[in-house]
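Chain by chain, the residues:
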Amino acid sequence: MRLSTLFKGVILLLFLVCAKSPVIAQEIKWDLNGDSFYQIQEGQILKINLPDQSPEVFISKADLTPNAGTALQVRDFTFSQDRKKIVIYTNTKRVWRLDTQGDYWVLDLETKELKQAGKGLPESSLRFAKLSPDGSKIAYVSEFNLYAEDLDSGQITALTQDGNRKLINGTFDWAYEEEFACRDGFQWSPDSKRISFWQLDANQIRDYYMMNFTDSVYSKVVPVEYPKVGQSPSPARIGVIELDSKKLSWLNIPGDPQQHYLPRMEWNSPELLLVQQLNRKQNHSKIYSVDVAKNEAKVISEEQDEAWIDVLSSWENVYGITYRHEFKWINGGKEFLWFSEKDGWRHLYRMDLTGKETLITAGEYDVINLLHVNEKENMIYFHASPSNATQKYLYKTRLDGKGKAELVTPMDLQGTHSYVISPSGKFAIHQFSNTYTRPSSEWISLPNHKPLDASKSIAANLAQNQGEKTVEFFKIITTDGAELDGWMVKPKNFDPSKKYPVVFFVYTEPWGANVRDSYGIARNRNYDGDMAEDGYIYISIDNRGTPAPKGRAWRKSIYRKIGRLNISDQAEAAAQIIKWDFVDPERVAVWGHSGGGSATLNLMFQHPEIYKTGISLAAVANQLTYDNIYQERYMGLPQENLEDFVAGSPITHAKNLQGNLLYIHGTGDDNVHYANAEMLINELIKNGKLFQFMPYPNRSHGIGEGEGTTAHLRKLYTDFLKRYCPPGGK
């Protein structure tokens, strides 16, 4: 089960400082030359020139005002390849996690003519509109069908007409979007003559029915096509349509569509597509080179893993609206860059169109993510942290694979560093924080890592951004030798002669690591007050299987062991901690959300001798209720190893509850379904267990919608914790 939006959907936000503007947060868009970038501010789009950061109005409110008279509120924008047109995204609506549906307008930057795309189609129904490479057309999805529109004539052509909620063209179903971050499901060919697109057939996938009891005196059924673990995937195929003739061809990719996934597809040339295929267990990846004219596919590379192969990682910005799986092309399109853990670490390879590959980043460290490729200088930049998995730094190495990783970040700033590098490689925005330093940013030049304006540098403003060091890092060694990282916040006015209650914050699954040296990491958003002031010890520990940059063996040791290995690691660490002189073993609490909610239940049920109080939010109580892509990736197929699913599910161990449990779930959760709550409640009732339960009507997985919800949840959480795990030293 994935983290809630509040946890895992952290979009990379950049703090951009302009000469006459306040610091704001938004995603950055570079000019082609990398010497300037664009920023939405006060209803217009500014161009910020580097290195002096001088702003100029690029698109004014007047430019964004249609004849009707009200200026468009810009949510996002994209340029045509020739930079003569810009597509404005506005009037957006949320689809599952993100607002990927809305209206699109095209502004001609030379004539200032502003036209709405998709006139006549339902309001706010367009998705992923993008201009053709030659700038003459725009394509988009509306209500599960793909359209192309001629910009001069305004003529709209439906490229597909069979789309509906169960037959999805040009976008994806719930599971593909949630677990592969696949949303934008079509691409223009480089010559603007073809469009390739995904079609998902969810007709064989049963609906999960959510119930809305509050918006009418009659209940409303809300169906979601949702493939549960053990069910075959929605068959996916890729079509290529000729814009002139409207001829549609389905790519001839070998394999049973009900036993494979197609998470990645991209044009290399007007005649060549590359497609990645994963088997259902997601432990066998193939890259196909497809000759579009001949409709012939051949495997150029394949990889297998005893556990699973990551299509994406939690280190990527997969919750940006514009995120798309891309092949990073180099050498004029003759090669691309590819990640693999085949040597035990997450490394970057260069691969040609025959599959010949060269390891670029050799060594016992993980590449967290690739930031920039400079072919002219034979250099790449990337994030890594070879010696401390709780931190992150900028490194560089040679693109030809003949160099060693070199640290670029100055070592006098210990903590978490993030960079976004300009296309030219000359400039970057650098953000830094650690547990006692608020996030601060600066513009730097590369490769020398010098601030563009020393007075606005991180170093110059470091003192004013630093606070008290309240977070302590520590390590726990398990009996079988695993080293677990943890952090701890002790009570204010801590007295080592007294014993204090401890509250553990957990997630524990392969999609989230809690122990990071970054600002705010130890803040409990659900606690109404100051935990340290009130007298709690607050602790979090990362067990084996969490996505820390500690190598493949660390991350994939949890395969088929969710609900067991993560729970035993957490419990063993807690057992050591409650022996510390200042910890009260009778006041031990644990809480978590989503995967952390599941871990909370398992810890309460499997180790009642340790955990006396638990607060579980949006938990998967039965692993057989979750979606097939996530659960089968990490646990295998229930048809083959059902016993692992059963042993790792909290519901199996509910009969062991002894402590005080508060269980919270939103009835409108389309991610971890509310059925989990009722299944677990039945099991607890059957075994005569007393507990408290709070359903939030129509709230989704993050439990954040609705007036008063957040305040109510904080009061509920805090009251329960204080009542059953009283704060203060004794």
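Calculation notes
Residues numbered from 1 in each chain as written. Predicted model: local features only at pLDDT ≥ 70, side-chain atom pairs only at ≥ 80, totals over all residues. Heavy atoms only, no water. Helix = DSSP H or I, 4+ residues; strand = E, 2+ residues; numbered from the N terminus. Buried < 20%, exposed > 50% of the residue type's maximum accessible area, 1.4 Å probe, protein only. Contact = heavy atoms within 4.5 Å. Areas by Shrake-Rupley, 256 points an atom, 1.4 Å probe, with all protein chains shown as cover. Lys, Arg positive; Asp, Glu negative; His and termini not counted. Charge placed at Lys NZ, Arg CZ, Asp CG, Glu CD. Domains from an automatic or database assignment. Buried area = accessible area lost by both parts, 1.4 Å probe. Salt bridge = Lys/Arg side-chain N within 4 Å of Asp/Glu carboxyl O. Phe/Tyr/Trp six-rings, centres within 6.5 Å; stacked < 30°, edge-to-face > 60°. Polar contact = N/O pair within 3.5 Å; in protein donor to acceptor, adjacent residues only side chain to side chain.

Participant: Got a minute to help me understand the overall build of the protein chain in this structure?
Facilitator: When you go through the protein chain residue by residue, the secondary structure sums to 12 helices and 45 strands. Principal axes of the C-alpha set define a box for the protein chain whose edges measure 75 × 60 × 55 Å. Counting over 730 residues, the protein chain shows a buried share of 59%. Considering only contacts in the protein chain between residues 6 or more positions apart, those separated by 24 or more positions represent 59%. Counting only carbon and sulfur atoms, one obtains 48% of the accessible surface of the protein chain, whose full area is about 29200 Å². Taken as two groups, the 83 positive and 90 negative side-chain charges of the protein chain have centres that lie 2 Å from each other.

Participant: What am I meant to see in the domain arrangement of the protein chain here?
Facilitator: For interface size, the figure often reported is the accessible area lost on association. Examined at the domain level, the protein chain breaks down into domain 1 (25-158), domain 2 (159-313) and domain 3 (471-724). Taking the mean C-alpha position of each, domain 1 and domain 2 sit 26 Å from one another. Counting residues at the interface gives 25 residues for domain 1, matched by 27 residues for domain 2. Overall, the association of domain 1 and domain 2 removes approximately 2200 Å² of surface from exposure, summing both partners, and the carbon and sulfur fraction of that is 65%.

Participant: Sorry, what's going on with the pattern of salt bridges here?
Facilitator: Two side chains of opposite charge can pair, provided their charged atoms sit close to one another. Inspection of every chain in the model, using the stated rule, returns 40 salt bridges. Residue glutamate 357 is joined to lysine 342 by a salt bridge in which the shortest nitrogen-to-oxygen separation is 2.8 Å. Residue glutamate 357 is found in strand β29 (residues 357-359), and its partner lysine 342 is found in the loop between β27 (335-340) and β28 (347-352); the two are separated by 15 residues along the sequence. For lysine 342, a relative accessible area of 43% gives the class partly exposed. Taken together, the shared-partner salt bridges connect Asp305, Glu341, Asp366, Arg552, Arg555 and Lys556 into one network.

Participant: Any chance you could explain the packing of aromatic side chains here in plain terms?
Facilitator: Aromatic ring pairs are defined here through the distance separating the ring centres and the angle between the ring planes. Applying the stated criterion across every chain, the model contains 40 aromatic pairs. Aromatic pair phenylalanine 382 and tyrosine 395: ring centres 6.2 Å apart, planes at 20°, arrangement stacked. Taken as a pair, phenylalanine 382 in strand β31 (residues 379-384) and tyrosine 395 in strand β32 (residues 393-398) lie far apart in primary sequence, 13 residues in all. Grouping aromatic residues by their ring pairs yields a cluster made of Phe172, Tyr176, Phe180, Trp198 and Tyr261.

Participant: Help me understand the side chain of threonine 171, please; the structure alone is not making it clear to me.
Facilitator: Structurally, threonine 171 is set in the loop between β15 (167-169) and α2 (174-180). Residue classification places threonine 171 among the buried positions, given a relative accessible area of 1%. A distance of 3.5 Å separates the side chain of threonine 171 from the side chain of arginine 127, its partner in a polar contact.

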